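The primary structure of each chain is shown beneath.
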Amino acid sequence: MNALLEKIVADCGEYVSQGRVATYIPQLAVADPDKRGIYIVSDSGEEFSAGDCFDRFTMQSVVKPLILMQALMDSGIEKVQALVGVEATGKPFDAFNYSDQALTGAHINPMINTGAIALCTLIAGETYEIKFARLLELARLMAGNPNLEVDESVYLSEKETGSKNRALAYMLKAYGMIYDPVEEILDCYFRTCSILVDCRDLAKIANVFAHHGMNPATGERIFPKEYARYVTATLATCGMYDGSGKFALDVGFPAKSGVGGGIMGVIPKRMGIGVFAPALDKHGNSVAGVHMLMKLNQEMDLSIY
Ligand code: GLN
C-alpha cells in the first residue's frame, strides 16, 4: 500500500505546473508548489502514507466542516438550517454576486465563506475567543493531536488583507443574518482557517466523519451520527465549491479542500484521507491533490456512486 501511495505522489508531480499557489493571502505565497503528501487512516486503524505527509500547512477551508459541526452541536439542526442552507451554490468560495435583491440563507452553503462566517455566530461561547477555543478543541479531538495550533503569521496575513471576507460579512450583517461585531466574528474565522495540520491530521479528522462521529481509534463518540451525515452530505454538494460536480464524477466521495493546498476525503464507513499539494486550480482546489485522489479511486474503487 505504501508503495502504491509513493507511486501516486510521484506520478502526480506532472500536474503541479497546472496550478498556482494562493497569493491573495500573502503568507500563503511562500509555499513550495512541489510539495506533495498523502495519508490514509483505514477502518481497522491501519495507517499508510507517502511523500511530504508530515509537512504542515494551514487548514483554510478544510476547517469549514468543523465550523458546521460545532454550530450543529451547539445550536442544533433547526437554527443552523434557518441561517445557512444546504444547496450547492455552483459559485466560487468567495462569491458575492448574488443575483437576487436580498441575501437569504437559501443562497449560501456552510462550505463557502459566507456560510462559514455566519455559522461562527452559532457556536456557543460568551466571546469569540471562547468560540474559537471550542473549535480548536474539536479539531484536536478529531485529529487525536493535542498540539494543533494556529500559524500566527498566516492568521495575521489574512486579517490584514481580508477585505473580501469583510465585504461578505458586512453583507450578511446588512441583510440581518448576523448581528455581532464583524471584526470579532472574522477574527474567529481567520484563526480557524490558520490552524496548522499535516496530512495525518486531515486523514484522522476525515476518518471520524467517515465513522459517523465515532473515533475509531478510541471508540469514543465525538458527535451524533445525525450531525455527521449532515456535514458529509454538505461536503458532497459543495465541498469543492464550483468544482464539486466534476469532482463527484472524477473522484466520487465527499471531500473538502482549502487554499493552503490540503484536501480531506471522507469514505463513509471505510477510511479518512488527507492529501496536500499547494498549487491550486481556478476553483482554489489543489490540482495535484485532486489527481492523487482520482488515482486512488481508480486503484481502490472508493467512489460512493
Ligand atoms: N481563509 C480563506 C478565505 O477565507 C479560506 C478560503 C479557502 O480555503 N477556499 O479566503
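As the structure is a computational prediction, the values presented were derived from the model and not from experiment.

Student: I'd like to hear about unusual backbone geometry, residue by residue, with values.
Tutor: Across residues other than glycine, the phi torsion is negative in most instances, and most of the peptide bonds are trans. Of note, Tyr241 is a non-glycine position whose phi angle comes to about 55°, a positive value. You can see Tyr241 is positioned in the loop between α9 (225-238) and α10 (244-250). Using a relative accessible area of 2% as the deciding quantity, one classes Tyr241 as buried. The phi dihedral of Lys269 falls on the positive side, at around 65°, and the residue is not glycine. As for its position among the elements, Lys269 is in the loop between β8 (262-267) and β9 (271-276).

Student: Residue-level account of the sheet that holds strand β1 (residues 37-42), with values.
Tutor: Taking strand neighbours across the sheet as the criterion, the five strands line up as β2-β1-β9-β8-β7 in an open arrangement whose pairing is antiparallel. Both outer strands of the open sheet, β2 (47-51) and β7 (255-257), are each paired with one neighbouring strand and no more. Between one strand axis and the next, the sheet turns through 10° on average, direction left out of account. Pairing of β1 with β9 involves six bridges; the strand directions are antiparallel. Bridge pairing in β9 links Ile40 to Ile273.

Student: Residue-level account of the environment of Pro268, with values.
Tutor: Note on placement: Pro268 falls in the loop between β8 and β9. For Pro268, the contacting residues outside a window of four places in its chain are Ala210, Pro254 and Ile304.

Student: So what about the site of the ligand? Which residues, and what values?
Tutor: Near the ligand the following residues occur: Tyr24, Gln60, Ser61, Phe93, Asn113, Glu158, Asn165, Tyr189, Cys193, Tyr241, Gly258 and Val259. Contact between the ligand and Ser61: an oxygen atom at 2.7 Å from a side-chain N or O atom of the residue. For the ligand, the accessible surface in isolation is 300 Å², of which the surrounding protein chains cover 99%. Applying the majority rule of atoms within 2 Å of the grid points places the ligand in the largest cavity. Its residues placed into classes, the shell around the ligand shows six nonpolar, five polar and one charged.

Student: I'd like a rundown of the pattern of salt bridges, residues and numbers included.
Tutor: Applying the stated rule across the entire model yields 12 salt bridges. Between Arg134 and Asp74 there is a salt bridge, with its nearest N and O atoms 2.7 Å apart. Highlighted residues: Arg134 in helix α4 (residues 128-143) and Asp74 in helix α2 (residues 64-83), separated in sequence by 60 residues. One salt bridge in this structure joins Asp187 and Lys159, with 2.7 Å as the shortest N-O distance. Here Asp187, found in helix α7 (residues 182-193), pairs with Lys159, found in helix α5 (residues 152-161); they are 28 residues apart in sequence, far enough to count as distant. Judged by relative accessible area, which is 26%, Lys159 ranks as partly exposed. Each of Glu47, Arg200 and Lys204 takes part in a single network of salt bridges with overlapping partners.

Student: Give a detailed account of the side chain of Glu158, specifying residues and quantitative values.
Tutor: Considering the arrangement of structural elements, one finds Glu158 in helix α5. No salt bridge is formed by the buried Glu158, whose closest oppositely charged neighbour, Lys64, lies at an N-O distance of 8.0 Å.

Rules behind the numbers
Residues numbered from 1 in each chain as written. Predicted model: local features only at pLDDT ≥ 70, side-chain atom pairs only at ≥ 80, totals over all residues. Heavy atoms only, no water. Helix = DSSP H or I, 4+ residues; strand = E, 2+ residues; numbered from the N terminus. Buried < 20%, exposed > 50% of the residue type's maximum accessible area, 1.4 Å probe, protein only. Pairing = 2+ DSSP bridges. Axes fitted to C-alpha atoms, helices over the stretch in contact; angles between N-to-C directions. Contact = heavy atoms within 4.5 Å. Near = heavy atom within 4 Å. Polar contact = N/O pair within 3.5 Å; in protein donor to acceptor, adjacent residues only side chain to side chain. Areas by Shrake-Rupley, 256 points an atom, 1.4 Å probe, with all protein chains shown as cover. 1 Å grid on protein atoms, 1.4 Å probe; cavity = no way out; pocket = protein on both sides within 12 Å on 5 of 7 lines; lining within 4 Å. Sits in = over half its atoms within 2 Å of the grid points. Nonpolar A, V, L, I, M, F, W, Y, C, P; charged D, E, K, R; others polar. Salt bridge = Lys/Arg side-chain N within 4 Å of Asp/Glu carboxyl O. Lys, Arg positive; Asp, Glu negative; His and termini not counted.

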